[in-house]
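Structure at a glance
Okay, here's what each chain looks like letter by letter:
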Amino acid sequence: MDSIENNTVSQDERLWGAGVHIGALIAAFFTSWMVGIAGAVVALCVWFVVRDRNPFAAAHAKECFNFNLSMFLYACVAVVLGLILGVGAVIATIATLGVAALVAAPMVLVIVLALGAIAILWVVFGIIAAMKAYEGQLYRYPMTLRFLK
């Protein structure tokens, strides 16, 4: 698959490749970032449609699926950590008559910032992947767990 060059990829393949990334972003956006599993579903549907007749778009669809599912899982971990820290912070603050809030509040803020960073990376890497696909290049998302190979 790495041997695909810019001049051997048709316009149709490029559009399918770029479209899967943009479609996944749109689906994730309209279903909320926390339920961004929709982006992975879009990518999986495209992969099922193009896997036998369009290897370039199928490679992009698999990569898009892996990335969207990975980012969804990272967001779930951040939310669970946020809930644990949030509940722990409330309990600790009550138990220490407010002193623990000095430590707990920054920890909760870090989780909120992590969720924001995940959302920003989701968008930025999705746009980069769509641009690479449209240019006829393969793209590997960073920070991605490989569920489909």
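An account of the accompanying structure is given in this report. The model shown is predicted, which means the values in this text are computed figures rather than measured ones.

Things to note about a nonpolar patch on the surface
Nonpolar side chains collect at one region of the surface, where Ile 22, Ile 26, Phe 29 and Phe 30 lie side by side and expose about 440 Å² of accessible area between them. Residue position: Phe 30 is located in helix H1 (residues 11–30). Take Phe 30: its relative accessible area is 67%, and that puts it in the exposed class.

Some details on the pattern of salt bridges
If charged atoms from side chains of opposite charge come close, those side chains can pair. Per the stated rule, a full pass over the model turns up two salt bridges. Across the pair Arg 140 and Glu 63 runs a salt bridge, and its minimum N-O distance is 4.0 Å. You can see Arg 140 sitting in the segment after helix H4 (101–134) and its partner Glu 63 sitting in helix H3 (residues 55–95), a full 77 residues away along the chain. Among the residues examined, Arg 140 registers a relative accessible area of 56% and is labelled exposed. Owing to a relative accessible area of 5%, Glu 63 belongs among the buried residues under this scheme. Among the charged side chains, a salt-bridge network with shared partners connects Glu 63, Arg 140 and Arg 146.

Topic: the nonpolar core
In this structure, Val 20, Cys 64, Phe 67, Ile 118, Trp 122 and Tyr 141 are the most contacted members of the largest nonpolar core, which totals 26 residues. Secondary-structure elements contributing two or more residues to this core are H1, helix H2 (37–50), H3 and H4. Looking at which element gives the most residues to this core, the answer is H3, with eleven residues. Those residues in contact with Val 20 that sit more than four places away from it in its chain are Ala 43, Val 46, His 60, Ala 61 and Cys 64.

Topic: the packing of aromatic side chains
Using the criterion set out here, one finds five aromatic pairs in the structure. Each ring, one from Phe 29 and one from Phe 30, has its centre 5.3 Å from the other, and the planes form 75°; the classification is edge-to-face. Both residues of the pair, Phe 29 and Phe 30, count as exposed. Relative to Tyr 141, the ring of Phe 67 lies with its centre 3.9 Å away and its plane at 5°, an arrangement referred to as stacked.

Thoughts on the side chain of Glu 13
Relative to the helices and strands, Glu 13 resides in helix H1. One buried charged residue, Glu 13, remains without a salt bridge, the closest side chain of opposite sign being Arg 14 at 7.1 Å. At 2.8 Å, the side chain of Glu 13 forms a polar contact with the backbone nitrogen of Ser 10. Once residues within four sequence positions are removed from consideration, Glu 13 is found in contact with Thr 8, Asn 54, Pro 55, Phe 56 and Ala 57.

Here we look at the packing of H3 against H4
The N-to-C vectors of H3 and H4 enclose an angle of 170°; their axes lie 9 Å apart at closest approach. It follows that H3 is roughly antiparallel to H4 by the angle criterion. Classifying every residue of the contact of H3 with H4 gives 23 nonpolar, five polar and no charged.

Cut-offs used in this document
- Residues numbered from 1 in each chain as written.
- Predicted model: local features only at pLDDT ≥ 70, side-chain atom pairs only at ≥ 80, totals over all residues.
- Heavy atoms only, no water.
- Patch = residues over 30% accessible without salt bridge, like charges linked within 9 Å, V, L, I, M, F, W, Y side chains within 5 Å.
- Areas by Shrake-Rupley, 256 points an atom, 1.4 Å probe, with all protein chains shown as cover.
- Salt bridge = Lys/Arg side-chain N within 4 Å of Asp/Glu carboxyl O.
- Helix = DSSP H or I, 4+ residues; strand = E, 2+ residues; numbered from the N terminus.
- Buried < 20%, exposed > 50% of the residue type's maximum accessible area, 1.4 Å probe, protein only.
- Core = buried A, V, L, I, M, F, W, Y, C linked by side-chain atoms within 4.5 Å.
- Contact = heavy atoms within 4.5 Å.
- Phe/Tyr/Trp six-rings, centres within 6.5 Å; stacked < 30°, edge-to-face > 60°.
- Lys, Arg positive; Asp, Glu negative; His and termini not counted.
- Polar contact = N/O pair within 3.5 Å; in protein donor to acceptor, adjacent residues only side chain to side chain.
- Axes fitted to C-alpha atoms, helices over the stretch in contact; angles between N-to-C directions.
- Parallel < 35°, antiparallel > 145°, perpendicular 65-115°, else oblique.
- Nonpolar A, V, L, I, M, F, W, Y, C, P; charged D, E, K, R; others polar.

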